[in-house]
Amino acid sequence: MMEEQRYVLELQHISKEYSGNPVLQDVSLTVKKGQIYALMGENGAGKSTLMNILFGMPVIHSTGGFTGTIKISGEEVNFLSPHDAMEAGIGMVHQEFMLIPGFTIAENIKVGREDTLPTLPSRVFGPDLERLNRPKMNADARVALDNIGLDISEETKVAGLPVGYMQFVEIAREIDKKNIKLLVFDEPTAVLTESEADQLLKVMQSLAAKGIAIIFITHRLSEVMQVADYMTVLRDGELVASKAIADTSAVEIAELMVGRAIEKLVDDDKNTKVSTEQNEVALSVKDLYVDMPGETARGVTFEVKSGEIFGIGGLAGQGKVGIPNGLMGMFSSHGDVEIFGEKLNFTKLGNALSKGLAFVSEDRRGVGLLLEESIAHNIMFGAMTTKRDYLSNFGITKLLSAGRMNRHAKDMIKLLDIRCVGGGQRVGALSGGNQQKVCLASALTMKPRILVVSEPTRGIDIGAKKLIMEYLAHLRQEEGLTIIMISSELAELRSICDRIAIVSDGKIEDILAPDASDAQFGLAMSAAAQNSEVS
Amino acid sequence: MGTNLGKFLFKNNVAILFLLLSVGAFAAANVSLPFLFEELFTRFSRNTFMVLSLLIPVVAGLGLNFAIVIGAIAAQIAIFLTVLWGGAGFVGVLMAVGMAVPMAILFGFLVGKLFNSMKGTEMIGGMVAGFFSDGLYQFLFLFVLGGIIPIANDQLMISTGIGVLNAIVLENSIHHGLDNVAMIHILDFAFFASLALSAIMLIVRGVKKQPLNLKQPAKVVLPLAVLYALGFIPAVGRFLSADRLMLFYAVMIALAIVVLYSLYHIIRRKESEKPTRFILYIVGAAVVFGLTYIPELERSLMVVRLPVLTYIVIISLCLGIKWFMNTKLGQNMRTVGQDRAVAASSGINVNRIRIIAMIMSTSLASIGQIISLQNIGTMATYGSHQQVALFSIAALLVGGASVQRATVKQALLGVFLFHTLFILSANAGQSLLGNAQIGEYFRVFVAYAVIAVALAMHAWVRKSNKQVITQIDPRVAATAASAESK
Amino acid sequence: MERALGALKQGAKDFGLPRIIILAFFFILLLAAALVGMDIPWLISDVLLRWGMWGILVLAMVPSIRSGIGPNFGVAIGIAGGLLGALVSIELRYFGFLGTLDPDGITFGLVSISLAVLLALAFSSLLGILYGLLLNRVKGNEMIVSTYVGFSFVALFNILWLLLPFRSSTSIWPIAGQGLRTTINLVDDFGRVLNNLFRVEIGNFIIPTSLLLTVLLFCFVIWVFNKSRYGMVMTAAGSNPEYAKARGINVNRARIVGTTISTALAGVGIVMFSQGLGFLQLYNAPMWMGFSSVAAVLIGGATVKRAAIFNVLLGTLLFQGILTVALPVANELVPEGNLSEILRLIISNGIILYALSKARGGSK
């Protein structure tokens, strides 16, 4: 019995599926008192789902719950809301700050849990009218701030604080809660400067030393190596490995995160790789900086040859998604970019489009589609605006040619096997995979010279995934289209790309052949960790 | 110091602009200062309560409450019933308030519910809800009353018996019901009420075997007792038996309080604190006292007579709001107003807080309308409520408030500035452009334009802030969404 | 059988509960009118006339909703421009711009109204561009801002109507008064020109053919615009700005175009309205026209994010139909008070509230 008590948290055989798709399968892990436990994995590996289950988030209950048991300090629990979890002594430090700028630090620490004193009206109308006990609030806040070594007045407003301090205020808020046993840090260093991150890690260590267990979710291998005692890697909802940090290395962890047997997504006879070495340069990118929040590119340089399928991979948050979005002008960017020898003008909206670059966005519903419009309308739209296609004369003006639009939509529906009632169906009513096919059809209708696809298989079923990948290979093989594919799934990139660039910390770390070893990919992806370890 | 001054000017740019505009209008309008003062203080006592009722929704993040019209409607239904049932004087006012507030609570609840289904568009929603309610109200007063519900009262009803008259004269009813309560009665009431409350408190403490802590009630009862005793001196008694207080005396009393308060703090201050602020207060009070020797100003101060109880009610509301903002509920409102997601994730029921804010605002607005109408003495059945939101909101904004931030101070300042301009613009238009009508239109224009500019500036600032915020943690967003859908 | 019932249910759902209620109400009113012995053909003629008078004002909602600024509560701005255009056209006529045309002839009327429409277009387009620039700075709050900007414009133009140096005896107060009249009789200009041109009369039933044709013509122009490249670009920018940006579309420009077209249509709309009425109404008269226009298009089935020409035609017919029929019926039932005005308040604001609570756009 005493043995059991050593564990603050035990997750046993946790499984969860969303409408038939398993997202977590039989995951078990245990966290001891005072342990820093790193939870790692790519985006979509199941980390957030696991945390959602732990916190009793409504999204879990509204989708059919989960199987398995959760024990806190040896006792089985079943949280129905995040509030229950907080009552049981579990806290979360968010990546995005949940702070109110106009409040003082003390008010933020005590938000929703203010200390109060009774008043005459409160005796009549209830505790809502008790007045705030500010001296007590301030004193408690002071204690919490001292605990994490933050030397700043508790009466300062949060508004003017440096970003790094805000993270600490969040931590102070969590440890001010009584009986806090377990703290989850969700990518806490993502927005911090290096020295702030260092200080944060120190605070985590000192909290652990006080006996609080910590679950540390991060993509930064260096931090894991620096502070964690134990780590678990999730991949595709399964637990890949759990190891003590002392028994492993950064390279091994990176390998564990991305490595997997290559599924045959594309048959070899459909993707004969031809040498493109001699071809002209289709896209040349030099020193590209993209200011995309969470996916910043900091000086990316690469070249793509005509007729090539060029892959861009890397861990989430490292900046790979920023590259296509910057090229298309979605976020402010600068650098030297040439498309078939023509210089790209970043200040001119839609310049990349007019130079023959077509883009399938990773944000299908937000950027990729007009959900309220028909399939045919979505397919035709890009070509209509940029190439003035699908218009026919009508007196002094030109109007949409519904006939041509529908005929073309019909062709595309057949070609890409879009499952729908017809071209007139509303795109919003389609499944994810079919929506993605519409996005692809729309991009192809623009007859691009270079097709840029960002996360083309995210959130779609395996059948659609295979079809899309095969079609991309077919486009290159039959029509010589140059394709740039950005994906978090290394297996996908390795199954069709000629070369794969790995982005780490906003830069291209390495460009590898698809048949390079897992270790090489792991090394490139964990490069940022390696570098900081050396320095 | 220079930058501080710059900041001060920038922060109060709206108020300063209106101050200059008011001064200019006064110079042009060719009216006497006593006239201006008399008009101004009358309007102040009529409108301030209503303007203050706008503060709580701003704090709770609901923006400017264009739906206070609905509170005014509740008040007018209550006044109609009061007149019908013969309520008069101070009792009549209490009757009206007693009927208006429950109605306002119900209406506020409904509007709050409605607003929870249109988060982000509460202001336009509130305005439209106001018009919608106006339609229902007119239907009630023109067709239902007399048409469906028989009412036999030829003082109130149109001669055909169907529909209520355009104007209801409150002369023999609640006219000045609040204004005309003599000071001595207020004092008597305060003294005995404080005695009773203290007694109850002590008994409760005695029963619960808590320490009695006699000092606490004594602090309230003793000064009141002294004042009460003073009332028995014939001269003081004669002074107190009036229901109006000359503005001059009011200023003197206020100055005395400021000086005493400052002296108290200077003597009782801790070693570490500097007395600069309180010394400045005293200097300020001395300057104001000096100013009263300017003949024109002195005459103006002598002309204005303030209805004492009305002003006490307004001051109590100011203090009450300040007190309320320091309670748990007030703090929750601030939290909800600043960030609904944070509030929801800290276990605050966002929708409930928003509904409470609407109920409070609507109830206060209904009382505000009763205060206003008991002073005016005539109720324009189909008109008194219509412009309430427009002029109250404009006044609040003129004081320097915004869609997201509004304080008692801004409300008070705003009422003064806005109504100064309002009083003067017709005269100024007459003497500047030879047409009083232009002045009339100008002040309506100012009211609308102030609101338009404030709203535009708010949206502008919000837009530029939004670009900084990237995205909310999906887990948190989920909590917020679930908490809000409850 | 069940399937048919299901289809019926779905059809009813698509049509929308508020529209069914309003349609039912309209027919009940018509029935009531017949029962109290009203002259039904005459009533319907009046409905048709009001349909024509309001058509273009309501049509002004379509470009604004499609370009993403939502229902244009600030049509008062366009109306101000339109009134200015009409006044200038009166002034030009007064100073002999129309030369020797026979004042009673058809040509005179047509030239006169064309002149007014063109001037209205010019003034309100100009105001529309400025208004569009403003609305681009207040994204997300367009409705409340435009309402108050509209009100401010009404108040501002009230001052201008007093100050502008118009001379025509038609427009200004006769005896040494200052400024323009509150209502200006258009009998010497374009009053009722289109009502009467090619008018079809069958007993008491009158069809204002030219007016209706004009409305349909403007509807057709907007329909054509919606199907044109820029029309589609504008709609995309309105319904999903991020989508539009990724396709190289200048969202802000599309919004300005939408606002300008909307404001220009409001300018033309008020000229049509005034010609139908036979009078130009100045000062506070345009204050509530915005709300009525917004309500009409919403009754027609539009939402604050989507609107089509059909919504305009149906909505205007229903809304104005109810108000027109209700007035005489109400006067028959209860002679006191203005039930029609109360109905306008309740219906127009009720439908706007309904649309806002359904939009849930800003709710996060």
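Another aspect to go through is the overall build of chain A. The number of helices and strands found in chain A is 21 helices and 24 strands. For chain A, whose C-alpha radius of gyration is 26 Å, the value lies close to the compact-globule estimate of 24 Å for 535 residues. Reported as C-alpha extents along the three principal axes, the dimensions of chain A are approximately 80 × 60 × 45 Å. Here chain A, with 535 residues, has 49% of them falling under the buried criterion. Restricting to contacts in chain A with at least 6 residues of sequence separation, those with at least 24 account for 69%.

Another aspect to go through is the overall build of chain B. Secondary structure assignment for chain B yields 21 helices and 4 strands. In terms of its C-alpha atoms, chain B occupies a principal-axis envelope of roughly 65 × 65 × 60 Å. Looking at chain B residue by residue over its 486 residues, the buried ones come to 46%. Taking the intrachain contacts of chain B between residues at least 6 apart in sequence as the baseline, contacts between residues at least 24 apart amount to 76%.

All names here are of chain A. Within the chain, Arg-388 stands out as a residue other than glycine whose phi angle is a positive 50 degrees. Summarising the element assignment, Arg-388 is placed in the loop between α15 (375-387) and β19 (391-394). The backbone phi angle of Asp-417 is positive, close to 55 degrees, even though this residue is not glycine. Following the sequence through the fold, Asp-417 ends up in the loop between α16 (402-415) and α17 (432-445). Given 13 C-beta atoms within 10 Å, Asp-417 falls into the partly exposed group.

On to the packing of helix α2 (residues 13-29) of chain B against helix α19 (residues 408-433) of chain B. Residue and element names in this part refer to chain B. At their nearest, the axes of α2 and α19 sit 8 Å apart, and the two run at 35 degrees to each other. In this structure, α2 crosses over α19, and the sense of that crossing is left-handed. Where α2 approaches α19, its residues Ala-15, Phe-18, Leu-19, Leu-21, Ser-22, Ala-25, Phe-26, Ala-28 and Ala-29 are matched on the opposing element by Leu-413, Leu-417, Thr-420, Leu-421, Leu-424, Ser-425, Asn-427, Ala-428, Ser-431 and Leu-432. Looking at the contact of α2 with α19, its residues break down into 14 nonpolar, 5 polar and no charged.

Residue and element names in this part refer to chain A. Taken in spatial order, the 6 strands line up as β18-β21-β22-β15-β23-β24 in an open sheet, and their pairing is mixed. The two strands at the open ends of the sheet, each matched to only one other strand, are β18 (357-360) and β24 (507-512). Each strand of the sheet is rotated relative to its neighbour by a mean of 20 degrees, with strand direction disregarded. Across 4 bridges, strand β15 (residues 309-313) lies against strand β22 (residues 482-486) in parallel orientation. What sits directly across from Ile-312, in β22, is Ile-486. Running over the sheet, α17 touches β18 and β21 (450-454) and is turned about 175 degrees from β18.

To continue, consider the interface of chain B and chain C. Taken residue by residue, the interface counts 42 residues in chain B and 35 residues in chain C. Contributions of two or more residues to the side of chain B that touches chain C are made by α7 (122-147) and α20 (436-466) of chain B. With 16 residues, α7 of chain B is the single largest residue contributor to the side of chain B that touches chain C. Looking at side-chain class alone, the side of chain B that touches chain C contains 28 nonpolar, 11 polar and 3 charged residues.

Right, let's get into the environment of Phe-216 of chain A. All names here are of chain A. Tracing the chain through its elements places Phe-216 in strand β10 (residues 213-217). The class of Phe-216 is buried, set by 29 C-beta atoms lying within 10 Å. Taking the C-alpha atoms as reference points, Phe-216 and Asp-229, separated by 13 residues in sequence, lie 10 Å from one another. Setting aside residues up to four positions removed in sequence, Phe-216 forms contacts with Ile-36, Tyr-37, Ala-38, Leu-39, Phe-185, Met-204 and Ala-228.

Moving on, we get to the sheet that holds strand β16 (residues 333-339) of chain A. Residues and elements named next belong to chain A. A sheet is described by the order of its strands in space; here 4 strands give the open sequence β14-β13-β16-β17, paired in antiparallel fashion. In this open sheet, the two strands that pair with only one neighbour each are β14 (297-305) and β17 (342-343). Sheet topology places β16 next to β17; 2 bridges connect them, and they run antiparallel. From the neighbouring strand, Glu-338 faces β17, where its bridge partner is Lys-343.

Let us now look at the nonpolar core. One finds Ile-214 of chain A together with Ala-100, Ala-394 and Ile-451 of chain B to be the most contacted residues of the largest nonpolar core, which totals 414 residues. For this core, the element with the highest residue contribution is α20 of chain B, accounting for 15 residues. Each residue touching Ile-214 of chain A, except ones within four places of it in the same chain, is listed here: Ile-36, Tyr-37, Leu-183, Phe-185, Met-204, Leu-207 and Ala-208 of chain A.

This next bit is on the pairing of strand β6 (residues 90-93) of chain A. All names here are of chain A. Of the two faces of β6, the one holding Ile-90 and Met-92 and the one holding Gly-91 and Val-93 are both buried throughout. In this structure, β6 lies alongside strand β9 (residues 182-186), joined through 4 bridges in parallel fashion. Looking at the pairing, Ile-90 lines up with Leu-182 of β9.

Residues and elements named next belong to chain A. Of all 5 residues in β9, 5 are buried; the element is thus mostly enclosed. Burial of the side chains of β9 extends over both faces: Leu-182, Val-184 and Asp-186 are buried on one face and Leu-183 and Phe-185 on the other. Across 5 bridges, β9 lies against β10 in parallel orientation. Considered in β10, the bridge of Val-184 is made with Ile-215.

Once that is clear, we can look at α17 of chain A. All names here are of chain A. Between its first and last C-alpha atoms α17 spans 20 Å; for 14 residues at 1.5 Å apiece the expected length is 20 Å, and the two agree. For α17, the tally of buried residues reaches 13 of 14 residues, placing the bulk of the element in the interior. Note on α17: the residue one or two positions beyond its end, Lys-447, has a positive phi of about 50 degrees.

Let's shift gears to the confidence of the model for chain A. For chain A, the mean per-residue pLDDT works out to 84, and 93% of the residues sit at or above 70. For chain A, helix α1 (residues 2-5) of chain A is the element with the lowest average pLDDT, namely 48, and β22 of chain A is the one with the highest, namely 94.

Next up on the list: the environment of Ala-100 of chain B. Residues and elements named next belong to chain B. Residue placement: Ala-100 occurs in helix α6 (residues 89-116). Residues Ala-100 and Lys-113, spaced 13 residues apart in sequence, show a C-alpha to C-alpha distance of 20 Å. Apart from residues lying up to four places away in sequence, Ala-100 is in contact with Ala-74, Ala-75, Ala-78, Ser-366, Ile-367 and Ile-370.

Residues and elements named next belong to chain B. Across chain B, the average pLDDT comes to 86, with 92% of residues at 70 or higher. Note that residues 466-486 has pLDDT below 50 and, in this model, 38 contacts with residues that lie over four places away or in other chains. Confidence metrics for the complex model read pTM 0.86 and ipTM 0.85.

Residues and elements named next belong to chain C. As for its position among the elements, Gly-301 is in the loop between α13 (289-299) and α14 (309-333). Taking the C-alpha atoms as reference points, Gly-301 and Arg-66, 235 residues apart in sequence, are found 14 Å from one another. With residues near it in sequence (within four places) discarded, Gly-301 still touches Gly-16, Arg-19, Asn-311 and Leu-314.

Calculation criteria
Residues numbered from 1 in each chain as written. Chains lettered and ligands numbered in written order. Predicted model: local features only at pLDDT ≥ 70, side-chain atom pairs only at ≥ 80, totals over all residues. Helix = DSSP H or I, 4+ residues; strand = E, 2+ residues; numbered from the N terminus. Rg over C-alpha atoms; globule rule 2.2 N^0.38 Å. Buried ≥ 20, exposed ≤ 12 C-beta atoms within 10 Å, placed from the backbone. Contact = placed C-beta atoms within 7 Å. Axes fitted to C-alpha atoms, helices over the stretch in contact; angles between N-to-C directions. Left-handed = near helix turned anticlockwise from the far one by under 90°. Nonpolar A, V, L, I, M, F, W, Y, C, P; charged D, E, K, R; others polar. Pairing = 2+ DSSP bridges. Core = buried A, V, L, I, M, F, W, Y, C linked by C-beta atoms within 7 Å. Expected span 1.5 Å × (residues − 1). pLDDT = per-residue confidence, 0-100.

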